[in-house]
Amino acid sequence: MAKENAVTKENEMTQEGFDPKILGFFCHWCCYAAADSAGVSRYQYPPNVRVIRVMCTGRIDARFVIEAFRCGADGVFTGG
Amino acid sequence: MCTMYCPRPVVDAYNERLEITRAPHIDYAQAIPSSYYIDAKACLRVNFETCNLCAQTCTAGAIDFSQKPKNLELEVGAVVLTPGFGRVDSSVLEKFGYGKYPDVLTAFEFERLTCASGPTEGHIVRPSDNRPPRKIAFLQCIGSRDETCGNGYCSSVCCMYAIKEASVAKEHEPDLDVSIFFMDVRTQGKGFDDARKRAQEKYGINVIRARVPRVDQVDGRLALTWTTDDGKHHSGIFDMVVLSVGLESPEDAEALSKIADIKLNNYNFCSTRVDSPLSTSRDGVFVAGAFQGPKDIPESVTQASGVAAIASELLAEARNSQTVSITYPEENKALEEQEPRIGIFVCHCGVNIAGVVDVKAVRDYAASLPGVVLYEDPLYSCSQDALKGIAEKIRDNNLNRVVIAACSPRTHEPLFQETLRSVGLNPALVEMANIRDQCAWVHAQEPEAATEKAKDLVRMAAAKARLLTPLEQPTVDVTPGALVLGGGAAGMSAALSIADQGYSVTIVEKSRHLGGNLRRLQWTTDGQDARKVMEDMISSVESHPGIEVLTGSTVEAISGYVGNFTSTVSQGKKNRLINHGVTVIATGAREYKPRSYAYGESTRIVTQLELEEKLARGKSFLKNARNIVMIQCVGSRGDDMSHCSRLCCTQAVKNALKLKELKPDCRIYILYRDMRTYGFHEDAYREAREKGVIFLRYSTDKKPQVIKQARGIKVRAFDRLLGEEIEIPANLVVLSAGIAPGDNQELSKILKAPLTPEGFFLEAHAKLRPVEIAVDGVYLCGLAHGPKSLEESVAQAKAAAAKATIPLAKGKVAVAPIVSHVDQDACIGCGICESLCPFNAIRLSKVGKRKKAQTITASCKGCGICASHCPTIAISMGGFTDQAIMAQIHAFSGRQCDEG
Amino acid sequence: MAKSGAIMVLGGGVAGVQAALDLADLGYYVYIVEKKASIGGVMAQLDKTFPTNDCAL
């Protein structure tokens, strides 16, 4: 990450309007299913997570997490 | 279009007369078949040869008035009758002001009022003034338990649906005051009593025990008067009255009985026997659902599966003789190998997605993504028409990758995979973006952010789609045999059915004899000799060439998966391995051993089953019996166990009638909380009252007391009518001990089969999958599932047999192609994958001089632990390759992220 | 006479549809005969918590 970029990020985080980009790795059997049923029940939550479905959180390679941060994710959510 | 132009209004039957539609219409948007039809009774063209507007306006030219009714002749090997139930005659409802006062509704109408797809979009309003009511009364037993209208039986479902509708109403309008007038609260189904308690506590629904005789109108509101069981009179004013109408036999039951040549019972339902509840009086004609007797959805579904098993037993030799198999065009491998040509379909899902997400904007955004050659926005992409359209577009545009932005792949991916197969594409070449369940539905207040999220999800899906590769669909052969755990009524019925359908069965029974709880029962509720029923069943099982019985045996371990299980059965000292394709749990339950009411202190304090055993040995012990007291809910409904044991009320009434028959001059008291003699058992309850059995209701704060004295036994109970405690010198006390779950913990662990909090096995879906469990290839029936009558156990056993036979009959089970694959050249044989795999699905074996890992496809669940830990990245996962996931991560970032 | 491998199910409510699905899975050809224009019966009229598409063929 470029230094300049990191500084902006820090500024963002101290501001109230911080709108993070979060990448989620959801297990097909539990977290992904739970996210579906949250939808069926119409629970409302902030629209900041983008989801990658995997068959199990065991599939998540450390390289995926590093790559997500390298590509500008503010957070990585693993759910399983 | 046709509905719009038709000049002829008709009452919308789907919305229970609360709305008007036109002669040509569709019942509801998701109806199957999904085409509009013309109500011939109302159509002007059909009846008077005038009009014809609809035929002219139909742009598809789909209306053809020259069609005539046709008679078809079908040759079939069996007939299944599932005509459902009929509605209570309006003359019965008129007594309660229905038809006269607009704010008196049936529960069916009220259901439509609470429904978002109903005429008021879920707003509860009074039909008289379209204003929301403040006080609603539900009247139970309308057209049920009422001999004046000829329906002496209980309809079994109304108590539950009234509570459900009342809860939904309270959810919509929290300030609403809702009262339900019950005679008895009959929520005897599995988990139903808990739901009732929750509804009462959470929503504060008033439960009033009284039968309201009539409804009057006073100043535009509705006046009710009633008498409670303490003899007091009450009255009240309500804004709306909902009649909980019962289920009747179908209108055309008599005609049907003549056509099918079957016998009906005295209420015009199909006549059946307790030991064969799904067979009519005619061979080859079977029955299921409400026509067999009023029942709810899970029981109807259970009987329906059960009836499939019985028909299959009869026709086993003709299996697969008339089925047609779907043939798919050959896979177009050349097209699949070309550069990605992606088609993206962004679904509106009616207003489900389009109401929040700007679907057209997402569609147009999709057009800008690399490799996309087609982008569309179908209204319902899963509808028959849309699927056909998608298939055509794939063909016409030579697409080789498809992205569906719609709902969840968990529910809908197979449907779209099927569409790809139908046009010669590998089913693995479709990717879904979940923009409904995980986007539109959860960000309803933020349409702009939801639209942005949908675009991101579509971009990520398209990035993955570019890298999808065709996958082979592996299948595994099925061992053509079943293992049935438990040799009681349910286990034996299931075993007989599977064996009669042509597959071998092994029964594993813990005790030394077959029979289970049936060994203790003396007579059935329809007056048959229970021991004869049992002996017939045992001899059929023992003489069946396809059934092996292992008594004194238990299962120690079960490994494998649907199609290929291996069980270790311990028979005392020796163990035996059994291979089988499917497993049926029928391990039963036991009579609860009372811990109260002085049980065990006297031989004259017994349980209902002990009474039956005593009676079977002779009636001499009744010689001096003047007073007999039965106490209900011993152990059940919060006494010790939380659940209702469902059959004790009927059993008590059955035994009370038997005692009256043997000794007419004895007085019998039944102390109860709610008499739950549901269905046709209500007849026996009424007969018992007529024969002088005294029923006294008790509440949990004034439970009866049994006092053992030096000479004799005294029972103290509170008489609500007298308002004081009475004392009964009892010669015999019979405790209606409930049904306690068996020792299911161990088996639950062996099978990884979940239990309910009460300790019974948990089904996969309470309503729609009542005999399956969370583990594929394992099925459930009888008391192991929950308390139920012999009749219900037999029906459920047949249902489990049907489900268990399906994989056996197919002979193969498909394995999802998401399994791991090891690149033999890259593998260094380190063994990390083998040590991590939770399913023992990857093993090292010698290839040439070196050890290499190999996947056991049938066991692999595709979790990918092996792939993420392989130090040489030699393992790839079908559909979830490193490259595809990396592409999704890069697409997530939105900006170009160098791949370094 | 050889037995027929076809079965008629009279009524397309939840019981009829479930019976037909299981019979087809067991290897028989099924005719569903329904009076109304669509299958699903009374269950299709019930509130959305019991989704109608669970009844779909």
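Conventions used here
- Residues numbered from 1 in each chain as written.
- Chains lettered and ligands numbered in written order.
- Predicted model: local features only at pLDDT ≥ 70, side-chain atom pairs only at ≥ 80, totals over all residues.
- Heavy atoms only, no water.
- Pairing = 2+ DSSP bridges.
- Helix = DSSP H or I, 4+ residues; strand = E, 2+ residues; numbered from the N terminus.
- Axes fitted to C-alpha atoms, helices over the stretch in contact; angles between N-to-C directions.
- Parallel < 35°, antiparallel > 145°, perpendicular 65-115°, else oblique.
- Left-handed = near helix turned anticlockwise from the far one by under 90°.
- Contact = heavy atoms within 4.5 Å.
- Nonpolar A, V, L, I, M, F, W, Y, C, P; charged D, E, K, R; others polar.
- Salt bridge = Lys/Arg side-chain N within 4 Å of Asp/Glu carboxyl O.
- Buried < 20%, exposed > 50% of the residue type's maximum accessible area, 1.4 Å probe, protein only.
- Buried area = accessible area lost by both parts, 1.4 Å probe.
- Polar contact = N/O pair within 3.5 Å; in protein donor to acceptor, adjacent residues only side chain to side chain.
- Patch = residues over 30% accessible without salt bridge, like charges linked within 9 Å, V, L, I, M, F, W, Y side chains within 5 Å.
- Areas by Shrake-Rupley, 256 points an atom, 1.4 Å probe, with all protein chains shown as cover.
- Phe/Tyr/Trp six-rings, centres within 6.5 Å; stacked < 30°, edge-to-face > 60°.
- Lys NZ or Arg CZ within 6 Å of the ring centre and 35° of its normal.
- Core = buried A, V, L, I, M, F, W, Y, C linked by side-chain atoms within 4.5 Å.
- Domains from an automatic or database assignment.
- 1 Å grid on protein atoms, 1.4 Å probe; cavity = no way out; pocket = protein on both sides within 12 Å on 5 of 7 lines; lining within 4 Å.
- Points joined across faces, edges and corners; volume = space filled by probe spheres on them.

## Digging into the pairing of strand 34 (residues 705-708) of chain B
All names here are of chain B.
And step 1. Sheet topology note: the strand 34/strand 35 (residues 713-719) ladder contains 4 bridges and is antiparallel. In the strand pairing of strand 35, Ile707 is matched with Lys714.
And step 2. Between the antiparallel neighbours strand 34 and strand 35 lie 4 residues, among them Gly712 with a positive phi of about 85°.

## So, the packing of helix 5 (residues 107-114) of chain B against helix 6 (residues 158-172) of chain B
All names here are of chain B.
And step 1. Across the interface, helix 5 lies against helix 6 with an axial gap of 10 Å and an inter-helix angle of 30°. Taken together, the axes of helix 5 and helix 6 lie roughly parallel to each other. Considering the relative orientation of helix 5 and helix 6, their crossing is left-handed. Residues Ala107, Phe110, Glu111 and Thr114 of helix 5 form the contact with helix 6, whose own contacting residues are Tyr161, Lys164, Glu165, Val168, Ala169 and His172.
And step 2. The residue makeup of the contact of helix 5 with helix 6, split by class, is 5 nonpolar, 2 polar and 3 charged.

## Things to note about the pattern of salt bridges
Residue and element names in this part refer to chain B.
And step 1. Tallied over the entire structure, the rule returns 58 salt bridges over all chains.
And step 2. Between Asp193 and Arg676 there is a salt bridge whose closest N-O contact spans 3.0 Å. One end of the pair, Asp193, is in helix 7 (residues 192-203); the other, Arg676, is in the loop between strand 32 (667-672) and helix 20 (682-690), with 483 residues separating them in the sequence. In this pair, the class of Asp193 matches that of Arg676, namely buried.
And step 3. Of the charged contacts in the structure, one is a salt bridge between Glu452 and Lys455, with a shortest N-O distance of 3.5 Å. One end of the pair is Glu452 and the other is Lys455, both in helix 15 (residues 447-466) and 3 residues apart, which spans about a single turn.
And step 4. Given a relative accessible area of 17%, Lys455 falls into the buried group.

## Some words on the sheet that holds strand 16 (residues 285-287) of chain B
And step 1. Pairing is parallel in the open sheet, where 4 strands are placed in the order 16(B)-5(B)-1(C)-2(C). Both edges of this open sheet fall to strand 16 of chain B together with strand 2 (29-33) of chain C, since each of them pairs with a single strand only. The average undirected angle you get between the axes of adjacent strands in this sheet is 20°.
And step 2. Strands in contact with helix 9 (residues 297-315) of chain B are strand 5 (78-81) and strand 16 of chain B together with strand 1 (6-10) of chain C; relative to strand 16 of chain B, the strand with the most contacts, it is inclined by about 165°.

## Re the interface of chain B and chain C
And step 1. In this assembly, 63 residues from chain B lie in contact with 38 residues from chain C.
And step 2. Here chain B meets chain C over a buried area of about 4300 Å², counting both sides, of which 63% is carbon and sulfur.
And step 3. Here chain B and chain C share 4 salt bridges between them.
And step 4. Seen at the junction of chain B and chain C, the total is 16 residue pairs in polar contact (both at pLDDT 80 or more).

## Overview of a nonpolar patch on the surface
And step 1. Judged by side-chain polarity, B:Met1, B:Met4, B:Tyr5 and B:Leu53 come together as a nonpolar surface patch covering roughly 440 Å² of accessible area.
And step 2. Relative to the helices and strands, B:Met1 resides in the segment before helix 1 (2-5).

## Quick notes on the packing of aromatic side chains
Aromatic ring pairs are reported here in terms of the distance separating the ring centres and the angle at which the planes meet.
And step 1. All chains considered together, the criterion is met by 14 aromatic pairs over all chains.
And step 2. Each ring, one from B:Tyr153 and one from B:Tyr267, has its centre 4.9 Å from the other, and the planes form 65°; the classification is edge-to-face. One end of the pair, B:Tyr153, is in the loop between strand 8 (135-142) and helix 6; the other, B:Tyr267, is in the loop between helix 8 (253-260) and strand 16, with 114 residues separating them in the sequence.
And step 3. Residue class for B:Tyr153 comes out buried when judged on its relative accessible area of 0%.
And step 4. The class for B:Tyr267 is buried, based on a relative accessible area of 12%.
And step 5. Members of the aromatic cluster, joined through ring pairs, are B:Tyr153, B:Tyr267, B:Phe269 and B:Phe680.
And step 6. Here the basic side chain of A:Arg42 rests over the ring of B:Trp441, its NZ or CZ set 3.9 Å away from the ring centre.
And step 7. Its end group placed over the ring of B:Phe108, B:Arg87 keeps NZ or CZ at 3.8 Å from the ring centre.

## Some remarks on the arrangement of the chains
And step 1. Looking at the 2 pairs of chains with contacts, the pair that accumulates the most is chains B and C.
And step 2. When C-alpha atoms are compared, chain A and chain C, though not in contact, are closest at a spacing of 10 Å.

## With respect to the nonpolar core
As a rule of thumb, soluble globular proteins bury nonpolar side chains together.
And step 1. In this structure, A:Phe25, B:Ile498, B:Ile875 and B:Ile889 are the most contacted members of the largest nonpolar core, which totals 80 residues.
And step 2. Here this core gathers at least three residues from each of two domains, domain 4 (477-588 + 742-814) and domain 6 (820-878) of chain B.
And step 3. If we skip the residues at most four places from it in the chain, B:Ile498 touches B:Ala482, B:Tyr503, B:Val505, B:Val584, B:Ala801, B:Ala804, B:Thr805 and B:Leu808.
And step 4. Ranked by size, the runner-up nonpolar core spans 49 residues in total, among them B:Tyr98, B:Val104, B:Cys159 and B:Val241.

## A word on the interface of chain B and chain A
And step 1. Between chain B and chain A, the residue contacts involve 45 residues of the former and 38 residues of the latter.
And step 2. It is B:Arg410, B:Gln438 and B:Phe892 in chain B that bury the most area against chain A; as a group they hold 19% of the surface buried on that side.
And step 3. Across the chain B-chain A interface, the total number found is 5 salt bridges.
And step 4. Linking A:Arg63 and B:Asp882 is a salt bridge whose minimum nitrogen-to-oxygen distance equals 2.6 Å.
And step 5. At the boundary of chain B and chain A, one finds 20 residue pairs in polar contact (both at pLDDT 80 or more).
And step 6. Among the elements of the structure, helix 13 (409-422), helix 14 (436-440), helix 15, helix 24 (865-869) and helix 25 (882-893) of chain B are those that each provide at least two residues to the side of chain B that touches chain A.
And step 7. Of the residues forming the side of chain B that touches chain A, the biggest block, 8 residues, is contributed by helix 25 of chain B.
And step 8. By residue class, the composition of the side of chain B that touches chain A is 19 nonpolar, 15 polar and 11 charged.

## Structural notes on the sheet that holds strand 27 (residues 574-580) of chain B
Across a sheet, paired strands are connected by hydrogen bonds in the backbone, their directions being either parallel or antiparallel.
Residues and elements named next belong to chain B.
And step 1. Spatially, the 3 strands line up as an open sheet ordered 25-26-27, and their pairing is antiparallel. Each edge of the open sheet is held by one strand with a lone partner, namely strand 25 (554-561) and strand 27. When strand polarity is set aside, the average angle formed by the axes of neighbouring strands in this sheet is 15°.
And step 2. Where strand 26 (residues 564-571) and strand 27 come together, 7 bridges link them in antiparallel fashion. Within the sheet, the bridge partner assigned to Ser570 lies in strand 27 and is Asn575.

## Quick notes on empty space enclosed by the protein
Sizing a probe to match a water molecule and rolling it over the atoms shows the empty space that remains.
And step 1. A complete count under the given rule lists 11 cavities of 30 Å³ or more for this structure.
And step 2. One number sums up the size of the largest cavity: a volume of about 180 Å³.
And step 3. Contributing to the lining of the largest cavity are 15 residues, with A:Tyr32, A:Val51, B:Met432, B:Ala433 and B:Asn434 lying nearest its centre.
And step 4. Mapped by element, the contributors of at least two residues to the lining of the largest cavity are strand 2 (49-54) of chain A together with strand 20 (430-434) and helix 15 of chain B.
And step 5. Among the residues forming the lining of the largest cavity, the class breakdown is 9 nonpolar, 3 polar and 3 charged.

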